[in-house]
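Below, each chain spelled out in residue letters.
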Amino acid sequence: MVSFSKVLSGKVVAEGILDAVKEHTSRLAKLGVRPGLAVVIVGEDPASQVYVTSKGKKAEECGFHSVKHELAATVTDAELLQVIDDLNNDSAINGILVQLPLPAHLDADKVIQSISPSKDVDGFHYVNVGMLGTGAVDKAFVPCTPAGCMVLIESVLGKDLSGLNAVVIGRSNIVGKPMANLLTAANATVTLAHSRTRDLPKVSREADIVVAAVGRPRMVKSDWIKPGALVIDVGINRLPGDPDTSAKSKLVGDVDFDSAIESAGTITPVPGGVGPMTIAMLMANTLKAAYAVSGLAQPDLLPTEQRKVAS
């Protein structure tokens, strides 16, 4: 029997953040400022098209100026870089997002680094990566998925994680490494684990906080979890359906939810956990960029009840 009091809904927390984004966007509108988000997509990958459409709709719901640039899969580096340069110089655009992955013939790193750091709402530019790595969290644009994970962690444990051990499973530049930096900045003792970590289940069992971002379905089992630990499941894996039983494909995380919930104190579900937080933090980063241009102090986007927990 699943205890739903253990399940941390990212959807609920994300809705609170989006409500705050909409409120502050309305305040900026009274000053003649409207946050602008430009999304650039190359090619016609169906999954990327869905993601871009979702981001555009959410930006419009928040009251943003939303722009989408759709480029052919055959676009050259020079042509794509020109689009980004134009957006860098467009005062109506505060945030620029290039949907990844890009076609293999394009230099993705060169493209990402061409985005102005002040408009890099994905948090992938080396300037933002460097600020996060040196602890200047408030000045950096933090990648949206780890930023969302951190808000979920703070909603349970508060902002100061002193005395707590955290294990991040997965060392990607998009999630694992920035997640470790955020946890370190919050005073946790952090282990960044991966496929070559010796006795990974034992390492995981010692953690008060486990963030699974390895991309392997149901890899983290119940016996990997310290009793009472907070488990954040970043994984989104689609398991194929069974044609013999007409069962549909299913989304699962990197954590074996049904077994891990017996050990965990709190756990995020898949879907409905980290996923909604990612797009909410993209909107929050875009608002942050607009506030920076306006010269106003950055707003606190935590819902009131979370603010009490985090303080």
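Note: the structure precedes this text.
What comes next concerns the included structure. (Residues numbered from 1 in each chain as written. Predicted model: local features only at pLDDT ≥ 70, side-chain atom pairs only at ≥ 80, totals over all residues. Heavy atoms only, no water.)

1. Let's talk about the packing of aromatic side chains
Evaluated as defined, the whole model comprises zero aromatic pairs. The aromatic ring of F141 is capped on one face by K288, whose charged end is 5.4 Å from the ring centroid. (Phe/Tyr/Trp six-rings, centres within 6.5 Å; stacked < 30°, edge-to-face > 60°. Lys NZ or Arg CZ within 6 Å of the ring centre and 35° of its normal.)

2. A word on the pattern of salt bridges
If you walk through the whole model with that rule in mind, you get seven salt bridges. Ionic pairing is found between K58 and E61, a salt bridge with its closest N-O pair at 3.3 Å. Remark: E61 and K58 occur in helix α2 (residues 46-61); sequence separation between them is three residues, near one turn of the helix. The class of E61 is partly exposed, set by a relative accessible area of 47%. The residue E154 makes a salt bridge to K159 at a minimum N-O spacing of 3.4 Å. Exposure remark for E154: the relative accessible area of 13% places this residue in the buried category. Assessed through its relative accessible area of 44%, K159 is described here as partly exposed. (Salt bridge = Lys/Arg side-chain N within 4 Å of Asp/Glu carboxyl O. Helix = DSSP H or I, 4+ residues; strand = E, 2+ residues; numbered from the N terminus. Buried < 20%, exposed > 50% of the residue type's maximum accessible area, 1.4 Å probe, protein only.)

3. As for the packing of helix α6 (residues 144-157) against helix α7 (residues 176-185)
Relative to each other, α6 and α7 sit at 35°, their axes nearing to 9 Å. Handedness of the crossing formed by α6 with α7: right-handed. Mapping the contact onto sequence places P146, A147, C149, M150 and I153 in α6 and P178, M179, L182 and L183 in α7. Of the residues that constitute the contact of α6 with α7, the class distribution is nine nonpolar, no polar and no charged. (Axes fitted to C-alpha atoms, helices over the stretch in contact; angles between N-to-C directions. Left-handed = near helix turned anticlockwise from the far one by under 90°. Contact = heavy atoms within 4.5 Å. Nonpolar A, V, L, I, M, F, W, Y, C, P; charged D, E, K, R; others polar.)

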